[in-house]
Amino acid sequence: MTDGSSLPPLREVINRHGLRAEKSLGQNFLLDLNLTGRIARCPGKLEGETVLEIGPGPGGLTRAILAHGAKQVFAIEKDTRCLAALAEVSEAFDHRLIVIEGDALKISEDELLPERAHIIANLPYNVATPLLIKWLKNRHQFKSMTLMFQKEVGDRITASPGSKAYGRLSIISQWLCTVSKQFDISPKAFTPPPKVVSTVVKLVPKSEPDFPADLKTLEKVVAAAFGQRRKMLRASLKSLGGSAEEALDAAGIKPTLRAEELSVEDFCRLSEIYRARQ
């Protein structure tokens, strides 16, 4: 198994292929080998594992994933300019890298991946949240998700009840996965530097959620509750129809509380009350 040591430095690859990062594609290339290696280690041992990567760009993180022993890496890249550079990475690593040209939001992982996989990705900021929601809904296809977001989004995913960042993304993510913040990355580590700090978050899908709920109903209840987060729940939940106070009472939740004061379990219990009403 080759280790990719024959590959030239990333900056040389970027210059040779004219890969200036495109703002429209949300591109910020991570060139720091210590950081790409650290990200690749987050899921644990990759030997014999299949990995899905989104937006590999010139292949910096891709090299680290392959060097850490991944059996196969499926990389989805929308930017055709990067394909030649990624082909060189694939050749240097015994063709264990399979590059798919396309839009990750439109590709079916179920059809693409031969087995349950780890996702490891420096996500383009402009599609990071929609991709996460898509993967959460298909979480049984994945062993883990190690994802880089802008810090604000990472904070929302990992937030606890009572904090300003706590909201819809926190509840859905934590209901379906074990979530942990790994580390922050300075803008200086990227080319070009983004205007915000980035955060690496690891999500490990649960075989079954800790609390029973229907995802669609839970999403509706959480959206209503946080849609007017400054209001008490008895007011913010009126948009769902029926008596909000009766639903809250049946769930054992004070109607004078606000959305950010409820735990994931509280929201699941409340959503089951609303599902029974349908």
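Here, every reference points to the structure presented above.
Everything in this summary refers to the structure shown in the same document. No experiment lies behind these values; they were computed from the predicted model shown. Counting from 1, residues in each chain are numbered in the order their sequence is written. Note on the predicted model: pLDDT of at least 70 is required for a residue's local features to be given, and 80 or more for side-chain atom pairs to be given and counted; whole-chain, interface and lining totals, by contrast, use all residues. Think of the side-chain values as coming from all heavy atoms in the structure, minus any hydrogens and water.

Things to note about the overall build of the protein
Just so we agree on the cut-off: Secondary structure is summarised from DSSP: a helix means a run of H or I of at least four residues, a strand means a run of E of at least two, and numbering begins at the N terminus for each. Radius of gyration here is computed from C-alpha atoms only, and the compact-globule reference equals 2.2 Å multiplied by the residue count raised to the power 0.38. Here's how the labels work: a residue is buried when its accessible area is under 20% of the maximum for its type, exposed when over 50%, partly exposed in between, all with a 1.4 Å probe on protein chains only. Contact criterion: two residues are considered in contact whenever any of their non-hydrogen atoms come within 4.5 Å of each other.
Scanning the protein from N- to C-terminus turns up 12 helices and nine strands. Taken against the 2.2 N^0.38 rule, which gives 19 Å for 278 residues, the C-alpha radius of gyration of the protein at 21 Å falls within 12% of a compact globule. In terms of overall dimensions, the protein has a C-alpha envelope of 65 × 35 × 30 Å along the principal axes. For the protein, the residues scored as buried account for 50% of the 278 residues in total. Sequence-distant contacts, at least 24 apart, represent 70% of the contacts inside the protein between residues at least 6 apart.

Here's the deal with the packing of aromatic side chains
Note the cut-off: Side-chain rings of Phe, Tyr and Trp (the six-membered ring for Trp) are treated as a pair once their centres are within 6.5 Å; stacked means planes under 30 degrees apart, edge-to-face means over 60, and tilted covers the remaining angles. Throughout this description, the term charge over a ring refers to an Arg CZ or Lys NZ atom that lies within 6 Å of the ring centre and within 35 degrees of the ring normal.
Scanning all chains against the criterion turns up two aromatic pairs. Taking 6.1 Å as the distance between ring centres and 75° as the angle between the ring planes, the aromatic pair formed by tyrosine 166 and phenylalanine 226 counts as edge-to-face. Taken together, the residues tyrosine 166 in the loop between helix H7 (151–158) and helix H8 (168–176) and phenylalanine 226 in helix H9 (residues 215–227) connect sequence positions 60 residues apart. Phenylalanine 226 shares its class with tyrosine 166; the two are buried. An aromatic cluster is defined as three or more aromatic residues linked by ring pairs; in this entry it consists of Tyr166, Phe226 and Phe267. The ring of phenylalanine 183 has arginine 38 sitting right over it, with the charged end atom 3.9 Å from the ring centre. The aromatic ring of tyrosine 274 is capped on one face by arginine 277, whose charged end is 5.0 Å from the ring centroid.

Some words on the sheet that holds strand S7 (residues 177–185)
Filter applied, for reference: Being paired, for any two strands, means DSSP has found at least two bridges between them. Between the N-to-C directions of two axes lies an angle of 0 to 180 degrees, each axis being a line fitted to C-alpha atoms and, for a helix, fitted only over the stretch in contact.
Reading across the sheet, the seven strands line up as S4-S3-S2-S5-S6-S9-S7 and stay open at both edges, with mixed pairing between neighbours. The open sheet is flanked by strand S4 (97–101) and S7, the only strands paired with a single partner. On average, each strand axis in the sheet is tilted by 20° relative to the strand beside it, whichever way the strands run. Both strand S6 (residues 142–150) and strand S9 (residues 198–205) contribute to a ladder of six bridges, which runs antiparallel. Across the sheet, residue methionine 145 finds its bridge partner in S9, namely leucine 203. Across the sheet, helix H2 (residues 33–41) touches strand S5 (117–122), S6, S7 and S9, and the angle it forms with S7 is around 170°. Here helix H6 (residues 128–137) sits on the sheet in contact with strand S2 (50–54), S5, S6, S7 and S9, set at roughly 165° to S6.

Some words on the nonpolar core
We apply this condition: To form a nonpolar core, buried Ala, Val, Leu, Ile, Met, Phe, Trp, Tyr and Cys residues must be joined to one another through side-chain atoms within 4.5 Å.
Membership of the largest hydrophobic core comes to 55 residues, with the highest contact counts inside it found for Leu147, Leu237 and Phe267. Ranked by residues supplied to this core, first place goes to H9 with seven residues. When near neighbours in sequence (up to four residues on either side) are disregarded, phenylalanine 267 contacts Tyr166, Ile171, Leu218, Val221, Val222, Ala225, Phe226, Ala259 and Leu262. Leu7, Leu35, Leu86 and Ile185 belong to the second-largest nonpolar core, a separate cluster that totals 28 residues.

Some points on unusual backbone geometry
Look at aspartate 94: it is not a glycine, yet its phi comes out positive at around 55°. Its place among the elements puts aspartate 94 in the loop between helix H4 (83–92) and S4. The backbone phi angle of histidine 95 is positive, close to 60°, even though this residue is not glycine. When you line up the elements, histidine 95 lands in the loop between H4 and S4. We classify histidine 95 as exposed; its relative accessible area is 54%.

Digging into the packing of H6 against H8
In plain terms, the rule: Each crossing is labelled by how the near helix is turned from the far one, with a counterclockwise turn of less than a right angle marking it left-handed and a clockwise turn marking it right-handed.
Running from N to C, H6 and H8 point in directions that differ by 35°, and their axes come no closer than 11 Å. Along this stretch, H6 crosses H8, giving a crossing that reads as left-handed. Seen from H6, the contacting residues are Thr129, Leu132, Ile133 and Leu136; seen from H8, they are Leu169, Ile172, Ser173 and Leu176.

What to know about H7
Rules: Summarising the geometry, the arc corresponds to the directions from the helix axis toward the C-beta atoms.
Regarding H7, the residues found buried are Val153, Gly154 and Ile157. Seen end-on, H7 carries its buried residues on one side only, within an arc spanning 100°. Elements in contact with the buried residues of H7: H6, S6, H8, S7 and S9.

Some points on the side chain of aspartate 266
Note the cut-off: Polar contacts here mean pairs of N or O atoms no more than 3.5 Å apart (in protein, one a potential hydrogen donor and the other a potential acceptor; neighbouring residues in sequence count only if both atoms are side-chain atoms).
By secondary structure assignment, the location of aspartate 266 is in helix H12 (residues 264–277). Side chain to side chain, aspartate 266 and arginine 269 meet in a polar contact 2.9 Å long.

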